[in-house]
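# Tertiary structure, described
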Amino acid sequence: MSAQVDRTDASAGLPAHPERATMEGRNKVLGFWLLLGAETVMFACFFGTYLALRGSSMDGPTTQELYQIPMVALSTVILLTSSLTSVIGVHGMHQNNYKKMMFWFGVTVLLGLSFLGLEIYEFVEYVHEGHTFTGSAFGSAFYTLLGTHGAHVLFGVTWITTLMIQARKRGLNLDMAPKFYLASLYWHFVDVVWVFIFTVVYLMGKVS
Amino acid sequence: MATIVVLIVFALFLGAILTGGYNKQMLARFRSHWLWDWITTVDHKKIGILYLIGGTIFFVIGGIEALLMRTQLFYPNNDFMVGRTFNELLSMHGTTMIFFVAMPLLFALMNAVIPLQIGARDVAFPFLNALGFWLFLCGGLLMNLSWIFGNAPDSGWTNYVPIALNEYSAGTGIDYYVLGLQISGIGTLIGGLNFIVTIINMRTPGMSFLRMPLFTWTSFVSSALILFGFPPLTAGLFLVMFDRLFGANFFDVAAGGNPVIWQHLFWIFGHPEVYIVILPAFGIMSEVISTFAKKRLFGYTSMVFATLLIGFLGFMVWVHHMFTVGMGPVANSIFAIATMAIAVPTGIKVFNWLFTLWGGKIRFTTAMLYAVGFIPTFVLGGVTGVMLASPPGDYQYHDSYFVVAHFHYVLIGGTVFGILAGVYYWWPKMFGYLLNEKLGKLNFWLFFIGFHMTFFIQHFLGLFGMPRRVFTYQPEDQVELINQISTVGAFLQAVAVVVLVINVIYSYRNRVPAGNDPWDGRTLEWTITSPPPVYNFAQLPKVRALDAFWHEKMNGKKELEPAEPVGPIHMPNNTHLPFLMSLAFFVSGLGFVFRSNEVGALGLIFVFLVMFMRSFEQDHGYHIETDEIEKTEKGASV
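Residues numbered from 1 in each chain as written. Chains lettered and ligands numbered in written order. Predicted model: local features only at pLDDT ≥ 70, side-chain atom pairs only at ≥ 80, totals over all residues. Heavy atoms only, no water.

### Considerations on the UniProt feature "domain: Cytochrome oxidase subunit I profile" (unreviewed entry) in chain B
The criterion, for reference: UniProt positions are given in the numbering used here, feature names are shortened, and annotations may be inferred rather than shown by experiment. Counting from the N terminus, the helices are DSSP H or I runs at least four residues long and the strands are E runs at least two residues long.
The feature "domain: Cytochrome oxidase subunit I profile" (unreviewed entry), as annotated in UniProt, sits at residues 30–544 of chain B in this numbering. The straight-line gap between the two end C-alpha atoms of residues 30–544 of chain B is 47 Å; of that span, 69% is helix and 0% is strand.

Encoded structure:
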């Protein structure tokens, strides 16, 4: 099977839900949902820690002084849009449309990278204002929660990129389909966590 | 200095792997070595044996730690192991026994038995199965290296902050605990996830959920507890690691931190953890009692629902470990009632076992002795558990030997008895020969008597006021005799373990082939050869009832009807990547322990590299052809 053939013709023969067409694929999808369940619990623990410690800003700036809603809102829009583009990518996969899939996953990666850029800029600003990891319990909890999420975004971007490299070599087949499907599941999860961060950390931090 | 050593080792390791710096012949010799086969195996039966070996080694280490502590407590004012050394012993004993003995030994049985019981050819994720084992081993080794490289963890297995922070526990002891558990915790999580998917997706035709053997059921629920119980530990360990290594302030009250957060996170994990290690033992007991009473398990459905209920309630009761923290009467009352409620499903189980025995044709094999000995022992542990669940009572018992006696009754009387019953019961299936019954019975009676001698008396020791985790007492405390009896009991248990080791060696030298079905079994694992061929079932069996094999036997048949024609069987390839990935985790952990963040980060980068290597690899496995299967099956029947 040469990669060239794969990319154009072989994909036309894929079933309607290629990610669940094989036993391996079904195992992967179920296993990944379970992994996301475990990740949810871990993030819940970090959220709990943050909520317990967010008042302990010591000498540093408080949540009200610190957070800039417009920029965070921009990050939120970027990440939510990237979730949409990954949906279109999976839709392309279901239509056996290799080009559509690759294009929209590519857009997802770019949006993910711009989100990371904004987050790094935000952290640099905070450090300048005296909000550091070691400065207070609030700082430790904030950077742990946000940092874990950011690390997940970084991993997602890397993961999708490497999947695209694989797909360029091998085309879209029953082996690749579950991988893209899982990556998009993961991406939605990272997005949902961010929705909670936006609400619990930023919006609630502004009002309380 | 240490950093340099680690760096050199890492560089050598990286260089050897990336440059292929050894010649072709050496590689071939390496690959044909028998050890390579075990390092790269993805076969659930072999991984089960690896878990068994790993768990046993740590059992010996943890046991020696216990004996040293009991020796120290033999006389008042003894100076054999005092102060920090004693703290290190008790911390390592607890942590080792829970994480590196109870769980891996249960995983050993789960790996060896579950795919056979549900009629599967392997687990859902053979690669992850191997990875889980190697991560457990690396985590355990990393933690035990602390004995060699300086100080061991000394803040108890609960590792309470602030005594676990740099200020009160200087040196690197706690770092071994944090990183060792973090690494082995990932392995455990992976293992649990693997079993859930295996049990949901890989059952043979006709094996509906309510036809699954009870060991599979309890392992299923226990795996679900692992899945949701371990992430809080992961999160908590991250917080301690950040506080100790990177100057965070989660638990430093002066910087606004709060030590109670660790207690919550630890016990949100820690309480499900005790059900993680007891539920599979319940399952083993159910299998053993039903087989050796020659009766269908009484109240199978109620057993399943009791298991699910225990699993659910297990997450609702963590605060009962924290009654004395001072969260107020309302919180304490709610959690006290929730805790007492768990006695109901557990009681259902105990009565079901008794009713299964009632009127049965009982054979007292060693496995059955352990099962029968388990019932009163575990009930004792359960009763003291209900006593501890009452907050006013708990204020009296808290941190005394009463608590020590309680949890050893449930963990040894429950989990260890269960594991030993399971080992005697499934040993012929795993290795193809039986363990000697005479030595087995000697092993049981020594262990049973030694156990009760050690721990029954500790209830009184606690009620007389001796606190746990202290390294000595005074003559005028009048607890000398009790402590001495307890110590003698501990050594009796050690003798029992030696008898077990002798039994394994003796039975290996005088092998009695077990045949397919040495116990007149009821479930699918007894329908195939011992040990099973690599593909387990030449044809997947068709299950028509609970206790599928027994059902066929009662209908006058010798084996199960196949659910598929004979055909080529697809098997996964062996791979060395799980080992490599775990090694990278190990190097990373060691790097962080030695406060060399560069090495720690490099190790992590290598972990991700291997992960992507795996993703890029096209591994379609191989097929065992029909004629080869027929040859194997014929050979087995001769």
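### What to know about the environment of Asn129 of chain B
Residue and element names in this part refer to chain B. As a reminder, the rule being used: Each residue is placed in one exposure class: buried if its accessible area under a 1.4 Å probe, protein chains only, is under 20% of its type's maximum, exposed if it is over 50%, and partly exposed if it falls in between.
Checked against the element boundaries, Asn129 lands in helix α6 (residues 126–148). Classification of Asn129 as buried rests on a relative accessible area of 2%. Placed 292 residues apart in sequence, Asn129 and Ala421 show a C-alpha to C-alpha distance of 24 Å.

### Considering the interface of chain A and chain B
By a widely used convention, the size of an interface equals the accessible area lost when the partners come together. Heads up, the condition is: By the convention used here, residues are in contact when the closest approach between their heavy atoms is within 4.5 Å. When two components associate, each loses some accessible surface as probed by a 1.4 Å sphere; the sum of these losses over both components is called the buried area. Polar contacts here mean pairs of N or O atoms no more than 3.5 Å apart (in protein, one a potential hydrogen donor and the other a potential acceptor; neighbouring residues in sequence count only if both atoms are side-chain atoms). Note on residue classes: Ala, Val, Leu, Ile, Met, Phe, Trp, Tyr, Cys and Pro are nonpolar, Asp, Glu, Lys and Arg are charged, and everything else, Gly too, is polar.
Each partner contributes to the interface: chain A provides 38 residues, whereas chain B provides 38 residues. When chain A packs against chain B, the two sides together hide about 2900 Å² of surface, and 74% of this comes from carbon and sulfur. On the chain A side of the interface with chain B, the three residues burying the most area are Asn27, Leu34 and Arg170 of chain A, jointly 17% of the side's total. Our enumeration of links across chain A and chain B arrives at eight residue pairs in polar contact (both at pLDDT 80 or more). Listing elements by their share of the side of chain A that touches chain B, those giving two or more residues are α2 (23–53) and α6 (137–170) of chain A. With 17 residues, the single largest contributor to the side of chain A that touches chain B is α2 of chain A. In terms of residue class, the side of chain A that touches chain B is made up of 19 nonpolar, 13 polar and six charged.

### Some words on the UniProt feature "domain: Heme-copper oxidase subunit III family profile" (unreviewed entry) in chain A
In the UniProt entry, the feature "domain: Heme-copper oxidase subunit III family profile" (unreviewed entry) is given for residues 30–206 of chain A. Between the first and last C-alpha atoms of residues 30–206 of chain A the distance is 38 Å; the span itself is 85% helix and 0% strand.

### As for the packing of helix α4 (residues 44–72) of chain B against α6 of chain B
All names here are of chain B. This is how the line gets drawn: To define axes, lines are fitted to C-alpha atoms, for helices over the stretch in contact only, and angles between the resulting N-to-C directions are given on a 0 to 180 degree scale. Here the word oblique covers every angle except those under 35 degrees (roughly parallel), over 145 (roughly antiparallel) and from 65 to 115 (roughly perpendicular). In this scheme the crossing of two helices becomes right-handed for a clockwise turn of the near helix relative to the far one and left-handed for an anticlockwise turn of less than a right angle.
Across the interface, α4 lies against α6 with an axial gap of 10 Å and an inter-helix angle of 15°. Considering the angle they form, α4 stands roughly parallel to α6. Judged by the twist between their axes, the crossing of α4 over α6 is left-handed. On α6, the residues that touch His44, Ile47, Leu50, Tyr51, Gly54, Gly55, Phe58, Ile61 and Glu65 of α4 are Pro126, Asn129, Ala130, Gly132, Phe133, Trp134, Phe136, Leu137, Gly140, Leu141, Asn144 and Trp147. Residues of the contact of α4 with α6, tallied by class, amount to 13 nonpolar, seven polar and one charged.

### Structural notes on helix α10 (residues 300–313) of chain B
Test applied: Expected helix span is taken as 1.5 Å per residue step, with the number of steps being one fewer than the number of residues.
Helix length check: α10 of chain B, at 14 residues, gives a terminal C-alpha distance of 20 Å against a target of 20 Å (1.5 Å per residue), a fit within 8%. Those residues of α10 of chain B lying buried are Tyr300, Met303, Val304, Ala306, Thr307, Ile310, Gly311 and Leu313 of chain B.

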